[in-house]
Each structure stands twice: as C-alpha cells, then as structure tokens.
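A closer look at the structure
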Amino acid sequence: MSSTENLSEEKKYNKWIVFLAIVIPLVVAILSRLKLQDFGVEVEPLTFLPPIYAAINGLTAIVLILAFIAIKKKNIILHQSLMTTAIWSSVIFLIMYVAYHMTSDSTKFGGEGTIKYVYYFILLTHILLSIVIIPFVLITYVRAITNNIERHKKIAKITFPLWLYVAITGVIVYLMISPYYT
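What you see is a predicted model; the values in this text were computed from it and never measured.

1. Brief notes about the overall build of the protein
- Helix and strand counts for the protein stand at six helices and zero strands.
- The secondary structure elements of the protein, listed N-terminal to C-terminal, are α-α-α-α-α-α.
- Expressed as a percentage of contacts within the protein between residues at least 6 apart in sequence, the contacts between residues at least 24 apart total 79%.
- Accessible area of the protein: about 11,400 Å², with a carbon and sulfur share of 70%.

2. A closer look at helix 4 (residues 76-103)
- In a regular helix each residue adds 1.5 Å, so 28 residues correspond to 40 Å; helix 4 covers 41 Å between its end C-alpha atoms and thus fits that length.
- Residues of helix 4 that are buried: His-79, Leu-82, Ala-86, Ser-89, Phe-93, Val-98, Tyr-100, His-101, Met-102 and Thr-103.
- Against the buried residues of helix 4 lie helix 2 (14-33), helix 3 (49-72) and helix 6 (149-177).

3. Remarks on the packing of helix 3 against helix 6
- Where helix 3 meets helix 6, the axes come as close as 8 Å, and the angle between the chain directions of the two elements is 150 degrees. In terms of orientation, helix 3 lies roughly antiparallel with respect to helix 6. You can see that helix 3 and helix 6 cross each other, and the crossing is left-handed. Between helix 3 and helix 6, the contacting residues are Pro-50, Pro-51, Ala-54, Asn-57, Gly-58, Thr-60, Ala-61, Leu-64, Ile-65 and Phe-68 on the first element and Phe-160, Trp-163, Leu-164, Ala-167, Ile-168, Gly-170, Val-171 and Tyr-174 on the second.
- Partitioning the contact of helix 3 with helix 6 into residue classes produces 14 nonpolar, four polar and no charged.

4. Re the pattern of salt bridges
- Summed over the entire model, instances satisfying the criterion amount to three salt bridges.
- One salt bridge in this structure joins Glu-10 and Arg-151, with 2.8 Å as the shortest N-O distance. A residue pair is termed long-range when its members are at least 10 positions apart, and Glu-10 in helix 1 (residues 3-11) and Arg-151 in helix 6 qualify at 141 residues.
- Glu-10 sits in the buried class, given a relative accessible area of 6%.
- For Arg-151, a relative accessible area of 31% translates into the label partly exposed.
- Across the pair Lys-153 and Glu-150 runs a salt bridge, and its minimum N-O distance is 3.6 Å. Of this pair, Lys-153 and Glu-150 are both found in helix 6, three residues apart, which corresponds to roughly one turn of the helix.
- Overall, the relative accessible area of 43% leaves Lys-153 in the partly exposed class.
- Linked by salt bridges that have partners in common, Glu-10, Arg-143 and Arg-151 make up one network.

Calculation notes
- Residues numbered from 1 in each chain as written.
- Predicted model: local features only at pLDDT ≥ 70, side-chain atom pairs only at ≥ 80, totals over all residues.
- Heavy atoms only, no water.
- Helix = DSSP H or I, 4+ residues; strand = E, 2+ residues; numbered from the N terminus.
- Contact = heavy atoms within 4.5 Å.
- Areas by Shrake-Rupley, 256 points an atom, 1.4 Å probe, with all protein chains shown as cover.
- Expected span 1.5 Å × (residues − 1).
- Buried < 20%, exposed > 50% of the residue type's maximum accessible area, 1.4 Å probe, protein only.
- Axes fitted to C-alpha atoms, helices over the stretch in contact; angles between N-to-C directions.
- Parallel < 35°, antiparallel > 145°, perpendicular 65-115°, else oblique.
- Left-handed = near helix turned anticlockwise from the far one by under 90°.
- Nonpolar A, V, L, I, M, F, W, Y, C, P; charged D, E, K, R; others polar.
- Salt bridge = Lys/Arg side-chain N within 4 Å of Asp/Glu carboxyl O.

Pasting the structure below:
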C-alpha cells in the first residue's frame, strides 16, 4: 500500500476517533455520578474494586514499558500484542471504575497540608490527561493498523509518555487515597 493509500485508509477512522474521544469521557463522567441505588436497583457497593482497577493501571504501565522495549528490539509482533493488551486493560479499568462509582460513594482525600496539594495536583493531571489520551491512543492505533508506520512513530512519541503517566498516576492516586476508604 502506498503512503497515499495508507492516509486514505487512516482517514476512514477519523469519525470514529472523534466520536469515541467525545463519548467515552462523557459517558464515564455521567455514569460515575449516577448511583444505581437511586434508581431502585438493589446492589451492594462494589467496594472491592479500587485495588483491582489500581492493579490494572499498574499492569497497563508495565505492559506499555514492555511494548516500548519490544519495539526498540524490533519485535513488532510482541509490540502489537502488548499494545492490544494495554488497550484492553484500559477498557477493563474504565468498566470497573464506572461500576465502582455507580454503586459506591466517592471517597474524600483526608490528608492535610502539602500532601493535600500534591494529591490534588496528581489527581487533576491524571484526570485531564486520561481524557486527552483517548484520541492519542486511537490515532496511534489506527496509524499502526493502516500501516502508516512513519506517522504512527511520530504520534507514538507523544502517546507513550502521556499514557504511561496516566497509568502510573492512577496507581499513585489509589495509594494516596486508599487509607481513607471506609
């Protein structure tokens, strides 16, 4: 396939990328604020989920690093498999995150002083970049599957550190707030 054909193939996905980049954060934000109990659904709070989805964030970070190492060693097949795993890990995280928030009250951070500001800085950058990363991941993935490798490499240099930051700070946020879970 020529680079013109690759670009044309890549553009077929643009509407989906825009759609998902808007819909995913909106759906997560809306569902995370709804409580199933408020709608008469008898469900126990899924309070066991936060350490699980924090571990999934940690796993995602490890998988991203391994995928980076694999591509540096020119192991394309392993890189592809690991990146697919990272994407699915992120999807599973989102499902668990929404399920937790739809059944459980939010936990307030109880730290005081400087640590409170550190926590909220990490939390805010984590949330903002978790929204920003969605189109980057999708564009990077589409450029790979449409064999537009040079364009894939260019955006992957941005996507990788952002996604890694989101995955690592997800674990940090959990560790910092976990003493305040009831």
